[in-house]
Every structure is written in C-alpha cells, then in structure tokens.
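# An overview of the molecular structure
What follows is the residue order along each chain.
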Amino acid sequence: QVQLVESGGGLVQPGGSLRLSCVASGSIRSIYAMGWYRQAPGKQRELVAAFPIDGSTIYADSVKGRFTISRDNAKNTLYLQMNSLKPEDTAVYYCNANKISWGQGTQVIVSS
C-alpha cells in the first residue's frame, strides 16, 4: 500500500507561483505511475499532469507551458511547479499513484 501526503498549497495572486510537493511512503517499489489531479468546486476531478507507465510526461491543455511536473526519486517526492496562475486554477490538488492511491489534497486558491 502507498501513502501520499501533499503540501504547498495556499492563497496566491493571479500571475503568481506555487510549488506543490507529494511525499510517498509505504510500498514505494510498487509505484509505476504518478500524477497530479485537481477538483474545483462543483466540477469533476481532472488530470493536471502525470508520469504514466510508459515514462512519458503528459499535461492537461489548460496548464501546458505554465505547470511543470517533476520528481526526486531519492526523496520519494513528486512536485508540481505552477507558474502564471489563473483564478481558474483554483481547486484542491491531489497526488495519485498508479491511479489507485490518493493523497488528502492541498487547496490552491488564486485570487486578488
């Protein structure tokens, strides 16, 4: 079983930046895919960025060129660097492993 803990959310003005972190523990060696999802109020959870099983990197069209997903395997940590944030990026951001395990989420609010 994999446990995921996100951090780094907060309140930021439009145009600002945040970096989210997700620390994985437990059955680390079983992880073959990781990603970030988000869920805005009244909307379905959606994929933001991910490292799928084939080793590629994928991004939602809405965040391409603004967000960057990365990982530090030595620290068992997944990151999401978010630049040029927009109010529509406001959501709870979740870390996911193997499309099965979820973190508790971290709130991101983009507002002036």
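Residues numbered from 1 in each chain as written. Predicted model: local features only at pLDDT ≥ 70, side-chain atom pairs only at ≥ 80, totals over all residues. Heavy atoms only, no water.

### So, the overall build of the protein chain
The helix and strand inventory of the protein chain stands at zero helices and eleven strands. Taken from N to C terminus, the helices and strands of the protein chain fall in the order β-β-β-β-β-β-β-β-β-β-β. Computed over C-alpha atoms, the radius of gyration of the protein chain comes to 13 Å, within 12% of the 13 Å expected from 2.2 N^0.38 for 112 residues, which places it in the range of a compact globule. Principal-axis analysis of the C-alpha atoms gives the protein chain an extent of 40 × 25 × 25 Å. Buried residues in the protein chain amount to 42% of all 112 residues. Considering only contacts within the protein chain whose residues lie at least 6 apart along the sequence, 52% involve residues at least 24 apart. When the accessible surface of the protein chain is summed, it comes to about 6200 Å², and 49% of that surface belongs to carbon and sulfur atoms. (Helix = DSSP H or I, 4+ residues; strand = E, 2+ residues; numbered from the N terminus. Rg over C-alpha atoms; globule rule 2.2 N^0.38 Å. Buried < 20%, exposed > 50% of the residue type's maximum accessible area, 1.4 Å probe, protein only. Contact = heavy atoms within 4.5 Å. Areas by Shrake-Rupley, 256 points an atom, 1.4 Å probe, with all protein chains shown as cover.)

### Focus: the sheet that holds strand β3 (residues 18-26)
Reading across from one edge, β1-β3-β8-β7 is the order of the four strands in this open sheet, with antiparallel pairing throughout. The open sheet terminates on both sides in strands that have one partner only, identified here as β1 (2-7) and β7 (67-72). Each adjacent strand pair in this sheet contributes to an overall mean axis angle of 20°, direction not counted. (Pairing = 2+ DSSP bridges. Axes fitted to C-alpha atoms, helices over the stretch in contact; angles between N-to-C directions.)

### A look at the side chain of N98
Note that N98 resides in the loop between β9 (91-97) and β10 (101-102). Separated by 3.0 Å, the side chain of N98 and the backbone oxygen of S30 make a polar contact. (Polar contact = N/O pair within 3.5 Å; in protein donor to acceptor, adjacent residues only side chain to side chain.)

### Observations concerning the nonpolar core
When a protein is soluble and globular, its nonpolar side chains tend to lie buried together. In this structure, W36, L80, M82 and Y93 are the most contacted members of the largest nonpolar core, which totals 27 residues. Listed by contribution, the elements that provide at least two residues to this core are β1, β3, β4 (34-39), β5 (46-51), β7, β8 (77-82), β9 and β11 (106-110). The contact partners of L80, leaving out residues within four places of it in the chain, are L18, R19, L20, W36, V48, A49, F67, T68, I69 and Y93. (Core = buried A, V, L, I, M, F, W, Y, C linked by side-chain atoms within 4.5 Å.)

### With respect to the packing of aromatic side chains
Given two aromatic rings, one states the distance between the centres and the angle between the planes to describe the pair. Scanning the model with the defined rule gives two aromatic pairs in all. Between Y37 and W102, the aromatic rings sit 5.0 Å apart at their centres with planes inclined by 70°, giving edge-to-face as the arrangement. Of the two residues, Y37 sits in strand β4 while W102 sits in strand β10, which places them 65 residues apart along the sequence. Taking relative accessible area as the criterion, Y37 reaches 15% and is therefore assigned buried. For W102, a relative accessible area of 36% corresponds to the partly exposed category. An angle of 90° between the planes, with centres 6.3 Å apart, marks the rings of Y94 and W102 as edge-to-face. Residue class for Y94 comes out buried when judged on its relative accessible area of 13%. (Phe/Tyr/Trp six-rings, centres within 6.5 Å; stacked < 30°, edge-to-face > 60°.)

### Description of unusual backbone geometry
Phi at N76 takes a positive value of approximately 50°, unusual for a residue other than glycine. Summarising the element assignment, N76 is placed in the loop between β7 and β8. Residue classification places N76 among the partly exposed residues on the basis of a relative accessible area of 32%. Positive phi outside glycine occurs at N98, with the angle close to 60°. Look at N98 and you get buried, because its relative accessible area is 11%.

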